[in-house]
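# What the coordinates show
So the chains spell out like this:
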Amino acid sequence: MSAGDRRCAAGFAFRPLPQKAFPCLEDKDIRDRLLKWSMQSRITAQAFGFDQQFKPYQKDEFVTAFFNDPNVNSSLKLLSASGQWTTLGSKVTKIEATLVPCTEISMSFFDRLYSEGIVRETGDIVKCYDDYYDDILICDELRKVLLLEDSDHYDIFSPLDRQEFLFCLFKHLCIGGALCQFEDAVGPYLETTKAFYKDLVSVQKNPETKEISIISTVFRVSAYDINGLCYPSSKSHNQTFAYLVVDSCKRHVNTLYHSFGGGLFTD
């Protein structure tokens, strides 16, 4: 990267877009599901605009500038250790930003759950003997596919499939929070995944071929201050996550945040 590029990247400026709606978080059915899954009141999405052209190779500079921008620092939501919503509010000294592939445009990605016997034709999830993975109860074949590498059907999703943002969203929702009540059918998980994906990701249609393609760039992010890990939480957990979904055409970035826990408090 040239010195000019570095100066440009460091100069990203951001502004909150509070008027941006995320219908997935307002829908009553989805809110009820998130409550059942112990995620409601622990999950949020926000939108910000930025002022310069963004290229994926600038990710570290972009993400560092994002966290340290006064408009972000004072408004980016996270849950405190006591379970109260607060804002970042600290100088970020280090970031981690992992590119998350985002290419899938159809929920047919999950059809293999039916064809491989994880889910019955009715949509019911096939049950199994109880097992545990990192204190997460595994009581059906779906969670086995998502979590257990030695399960018979783990390979129906390749390593690249498992990196896809669509898969990550689905897995997060299926596993849920600390007091998650699992669904007996796969439908609610698929419907909720689709709603989140649609609200977060930007697409465009090729005027000639009419093909739809995704134009968003997705990063899973974490941030550190002088005391250590500070975002998305001071405690690391696979179900505590934050994603930045960058639309370089509109110069918008959507955030999706969740902190693992009981989800018992109200908004």
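See the structure shown above.
Keep in mind that what you see is a predicted model, and the values were worked out from it rather than measured.

## Details of the layout of surface pockets
The volume enclosed by the largest pocket comes to roughly 840 Å³. Lining the largest pocket we find 40 residues, and of these K171, H172, R220, N238 and Y243 sit closest to its centre. Elements with a contribution of two residues or more to the lining of the largest pocket: β5 (94-100), α6 (141-147), α7 (159-163), α8 (165-175), β10 (216-225) and β12 (241-247). Along the walls of the second largest pocket sit 21 residues, with L25, T44, A45, Q46 and K77 positioned nearest its centre.

## Some remarks on the pattern of salt bridges
Considering all chains together, one arrives at nine salt bridges under this definition. Taking the shortest distance from any N to any O, the salt bridge between E191 and R33 comes out at 2.6 Å. Of this pair, E191 sits in helix α9 (residues 187-200) while R33 sits in helix α2 (residues 28-36); the two residues are 158 residues apart in sequence, bridging distant segments of the chain. With its nearest N and O atoms 2.8 Å apart, the salt bridge here joins D161 to R112. Of this pair, D161 sits in helix α7 while R112 sits in helix α5 (residues 112-115); the two residues are 49 residues apart in sequence, bridging distant segments of the chain.

## Regarding the packing of α8 against α9
The packing of two helices is summarised by the inter-axis angle and the distance between the axes. In the contact formed by α8 and α9, the axes pass within 9 Å of each other and the chain directions differ by 130 degrees. In terms of axis orientation, α8 runs oblique to α9. Taken as a pair, α8 and α9 cross one another with a handedness that is right-handed. Between α8 and α9, the residues in contact are F165, L166, L169, F170, L173 and C174 and Y189, L190, T192, T193, F196, Y197 and L200, respectively. Grouping the constituent residues of the contact of α8 with α9 by class yields eleven nonpolar, two polar and no charged.

## Observations regarding the packing of aromatic side chains
Considering all chains together, one arrives at 23 aromatic pairs under this definition. Three or more aromatic residues joined by ring pairs form one cluster here, namely F12, F14, F48, F50, F54, F62, F66, F67, W85, F219, Y231 and Y257. The ring of Y224 has K94 sitting right over it, with the charged end atom 4.5 Å from the ring centre. Cation over ring: R112 sits above F109, and NZ or CZ is 4.7 Å from the ring centre.

## Points about the pairing of β10
Among the ten residues in β10, nine count as buried, and that is most of the element. For β5 and β10, the ladder comprises seven bridges, and the chain directions are antiparallel. Across the sheet, the residue bridging to V100 is V218, located in β10. Summarising the sheet, β10 and β12 pair through five bridges and their orientation is antiparallel. Each residue of the ladder has a partner; that of F219, found in β12, is L244. Here β10 pairs with strand β11 (residues 228-231) via three bridges, running antiparallel. Each bridged residue has a counterpart across the sheet, and for Y224 the counterpart in β11 is L229. As consecutive antiparallel partners, β10 and β11 are separated by two residues.

## Brief notes about the packing of α2 against α9
Viewed as axis vectors pointing N to C, α2 and α9 meet at an angle of 115 degrees, and their least axial separation amounts to 11 Å. Crossing of α2 over α9 shows left-handed handedness. Of α9, the residues touching α2 (which contributes I30, R33 and L34) are P188, E191, T192, A195 and F196. Of the residues belonging to the contact of α2 with α9, the class tally is five nonpolar, one polar and two charged.

Each value, and the rule that gives it
- Residues numbered from 1 in each chain as written.
- Predicted model: local features only at pLDDT ≥ 70, side-chain atom pairs only at ≥ 80, totals over all residues.
- Heavy atoms only, no water.
- 1 Å grid on protein atoms, 1.4 Å probe; cavity = no way out; pocket = protein on both sides within 12 Å on 5 of 7 lines; lining within 4 Å.
- Points joined across faces, edges and corners; volume = space filled by probe spheres on them.
- Helix = DSSP H or I, 4+ residues; strand = E, 2+ residues; numbered from the N terminus.
- Salt bridge = Lys/Arg side-chain N within 4 Å of Asp/Glu carboxyl O.
- Axes fitted to C-alpha atoms, helices over the stretch in contact; angles between N-to-C directions.
- Parallel < 35°, antiparallel > 145°, perpendicular 65-115°, else oblique.
- Left-handed = near helix turned anticlockwise from the far one by under 90°.
- Contact = heavy atoms within 4.5 Å.
- Nonpolar A, V, L, I, M, F, W, Y, C, P; charged D, E, K, R; others polar.
- Phe/Tyr/Trp six-rings, centres within 6.5 Å; stacked < 30°, edge-to-face > 60°.
- Lys NZ or Arg CZ within 6 Å of the ring centre and 35° of its normal.
- Buried < 20%, exposed > 50% of the residue type's maximum accessible area, 1.4 Å probe, protein only.
- Pairing = 2+ DSSP bridges.

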